Amino acid sequence: MNLLASKLGKLQLKNPVTVASGTFDTEYGQFYDLNHLGAYTSKTITPEPKIGNPGPRLFETEAGLINSIGLQNPGYLSFINDHLPALRAKLDIPLIVSFSGSTLQEFCQVLSALEETGMADAYEINVSCPNVENEGIAFGVDAKVVAELTLALRKLTKRELIIKLSPNVTDIVSVARAAAEAGADSLALINTLFGMAIDWRTGSSRIKKGIGGYSGTAIKPVALALTYKVASAVSIPILAMGGIYTWQDALEFFYAGASAVALGTANFSNPYAALDCISGLDQYFQTKGQTVQDIIGRISF
Ligand SMILES: Cc1cc2nc3c(=O)[nH]c(=O)nc-3n(C[C@H](O)[C@H](O)[C@H](O)COP(=O)(O)O)c2cc1C
């Protein structure tokens, strides 16, 4: 019996550990066989290529990382033609392709093109992009917009549809419910929090664009709280992320209600972080004689 087996909607996972979009690449294959992962999640792609934001665009704080990459990516056509076939050929595990857009139509355009390739097992929808039809406010902050988007994408695919939620909202539960009711198979949370760092000596922003996305150790309690909140409110499974570095961190998220976890910032300081997490979980559950499924949502008070 595989003690680590888990399910994320339609995805059968041999273990419940993946990597967070934008923090991992096939270059990590030089450290270990990527097929040890439960699933592989690719960097968000957008309709047009993006060169990303000007630097400096990364700053390490006392307890986390601020990034302002600006969704640098080659655009969906180049991804599909130049990257996806090789990526698919390398992976026997579920491939989760992340994408974004600035209008509902753009999201649909990318999904339709990906569907034609038949190469993705799941889509992770990054709704943190500004919505150009809605005064540039991020898609993910408005439950109604998330519902419309989910509904439109649902019509275009039977594959696993994961809506990735932003923590930078007043009421994450209403957004989560909207996605679930509109047909999402699962939810991923959390994307980065807003963050800023200033050099006290000079008064200059550490990040060229000012405010960036905050991730890593410091955001774990926020991610745990939101995982718990959302898991208590919806019945679709959760892929949790936010400050997960170790197998012990992962266990906390299972207790909070996650069915699977993703490691993000952890990959930068330890390229083996996801692999270490999987083997740590394996040993833990073998010693305990339990399965991952036994503890999902079983937090006690
Ligand atoms: C450098 C960097 C780039 C990221 N790029 C993306 C991205 O392209 N798409 C996305 O959905 N999330 C992106 N994220 C957010 C992560 O996928 C993840 O949701 C977040 O960092 C929280 O997890 P962590 O604390 O384990 O890093 C990025 C994060 C970092 C640090």
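As a reminder, the structure under discussion sits directly above these lines.
Attention here is on the structure that accompanies the text.

Reading the values: the criteria
- The residue numbering used here restarts from 1 in each chain and proceeds along that chain's sequence as written.
- In keeping with the model being predicted, local features are shown solely for residues with a pLDDT of at least 70 and side-chain atom pairs are shown and tallied solely at 80 or more, while totals for entire chains, interfaces and linings include all residues.
- The helix count covers DSSP runs of H or I at least four residues long, the strand count covers runs of E at least two residues long, and both are numbered beginning at the N terminus.
- To sort residues by burial, count the other C-beta atoms lying within 10 Å of each one's C-beta; a count of 20 or more means buried, 12 or fewer means exposed, and anything in between means partly exposed. C-beta atoms are built from the backbone.
- Each pair of strands is called paired provided DSSP finds at least two bridges between the two strands.
- A fitted line through C-alpha atoms represents every axis, and for helices the fit uses only the stretch in contact; the resulting angles, taken between N-to-C directions, go from 0 to 180 degrees.
- Given a helix with a known number of residues, its expected span is that number minus one, times 1.5 Å.
- Placing C-beta atoms from the backbone, we regard two residues as in contact once those atoms come within 7 Å.
- A residue's bend is simply the angle between two axes: one fitted to the seven residues ending at it, one to the seven starting at it.
- To decide whether a residue is near a molecule or strand, its C-beta atom is placed from the backbone and checked for lying within 6 Å of it.
- Under the scheme applied here, ten amino acids are nonpolar (Ala, Val, Leu, Ile, Met, Phe, Trp, Tyr, Cys and Pro), four are charged (Asp, Glu, Lys and Arg), and all others, including Gly, are polar.
- Any angle between 65 and 115 degrees counts as roughly perpendicular, while under 35 counts as roughly parallel, over 145 as roughly antiparallel, and the rest as oblique.
- Note on convention: near helix rotated counterclockwise from far helix by under a right angle means a left-handed crossing. Clockwise means right-handed.
- When buried Ala, Val, Leu, Ile, Met, Phe, Trp, Tyr and Cys residues are joined through C-beta atoms within 7 Å, the set is termed a nonpolar core.

Focus: unusual backbone geometry
Excluding glycine, most residues fall at negative phi; most peptide bonds, likewise, are trans.
Right, on to step 1. Following Gly55, the chain continues to Pro56 via a peptide bond in cis, the omega torsion being 0°.
Right, on to step 2. Omega for the peptide link from Leu189 to Ile190 comes to 15°, which places this bond in the cis form.
Right, on to step 3. Tracing the chain through its elements places Ile190 in the loop between β10 (186-189) and β11 (193-195).
Right, on to step 4. In the Ramachandran plot, Leu71 falls in the positive-phi region, its phi being about 50° despite a non-glycine side chain.
Right, on to step 5. Here Leu71 is to be found in the loop between β6 (65-67) and α1 (76-90).
Right, on to step 6. Of the residues examined, Leu71 has 17 C-beta atoms within 10 Å and is grouped as partly exposed.

Here we look at the sheet that holds strand β5 (residues 58-60)
Right, on to step 1. The four strands lie next to each other as β5-β6-β12-β11, forming an open sheet whose pairing is antiparallel. Unpaired on one side and paired on the other, β5 and β11 mark the two borders of the sheet. With direction set aside, neighbouring strand axes in the sheet form an average angle of 35°.
Right, on to step 2. Direction of pairing for β6 relative to strand β12 (residues 212-215): antiparallel, over a ladder of three bridges. Each residue of the ladder has a partner; that of Ile66, found in β12, is Tyr214.

Structural notes on helix α5 (residues 220-233)
Right, on to step 1. For α5, spanning 14 residues, the distance from its first C-alpha to its last is 20 Å, which sits close to the expected 20 Å at 1.5 Å a residue.
Right, on to step 2. Three or more residues of α5 are buried, namely Lys220, Ala223, Leu224, Leu226, Thr227, Tyr228, Val230 and Ala231.
Right, on to step 3. Those residues of α5 that are buried lie in contact with α4 (172-181), β10, β13 (238-241) and α6 (247-256).

Observations regarding α1
Right, on to step 1. Its 15 residues place the ends of α1 19 Å apart at the C-alpha level, agreeing with the 21 Å of an ideal helix rising 1.5 Å per residue.
Right, on to step 2. The largest bend in α1 is about 50°, located at His83, with the proline Pro85 one to four residues further on.
Right, on to step 3. Every buried residue belonging to α1 is among Tyr76, Phe79, Ile80 and Leu84, and all of these are buried.

What to know about the site of the ligand
Right, on to step 1. Taken together, 26 residues lie near the ligand, and Ala20, Gly22, Ser215, Gly264 and Thr265 sit nearest.
Right, on to step 2. Across the shell around the ligand, the residue classes break down as nine nonpolar, 15 polar and two charged.

A few points about the packing of α5 against α6
Right, on to step 1. Axis separation between α5 and α6 bottoms out at 8 Å; the angle between their running directions is 25°. Classed by the angle they form, the pair α5 and α6 counts as roughly parallel. With respect to the hand of their crossing, α5 and α6 are arranged in right-handed fashion. Residues Lys220, Leu224, Thr227, Tyr228 and Ala231 of α5 lie in contact with α6, whose contacting residues are Asp249, Glu252, Phe253 and Ala256.
Right, on to step 2. Of the residues belonging to the contact of α5 with α6, the class tally is five nonpolar, one polar and three charged.

Remarks on the environment of Gly297
Right, on to step 1. Tracing the backbone shows Gly297 in the segment after α9 (292-295).
Right, on to step 2. Separated by 128 residues in sequence, Gly297 and Val169 place their C-alpha atoms 23 Å apart.
Right, on to step 3. Not counting residues up to four positions away in its chain, the partners in contact with Gly297 are Ala231 and Gly257.

Observations concerning the nonpolar core
Right, on to step 1. Of all hydrophobic cores here, the largest spans 89 residues; its most connected members are Tyr123, Val146, Ile162, Leu187, Val261 and Leu263.
Right, on to step 2. Excluding residues that lie within four positions of it along the chain, Val261 makes contacts with Pro16, Val17, Ala240, Met241, Ile244, Ala250 and Phe253.

Looking at the sheet that holds strand β8 (residues 122-126)
Sheet strands pair via backbone hydrogen bonds, and the direction of the pair is either parallel or antiparallel.
Right, on to step 1. As summarised here, the arrangement of the eight strands in space is β3-β14-β13-β10-β9-β8-β7-β4, forming an open sheet in which the pairing is parallel. Edge positions in the sheet fall to β3 (17-19) and β4 (40-41), since each has one partner strand and no second.
Right, on to step 2. Relative to strand β7 (residues 95-99), β4 runs parallel, the two being bridged by two bridges. By the bridge assignment for β7, Tyr40 is matched with Leu95.
Right, on to step 3. The strands touched by α5 within the sheet are β10 and β13, with β13 carrying the most contacts at an inclination of about 170°.

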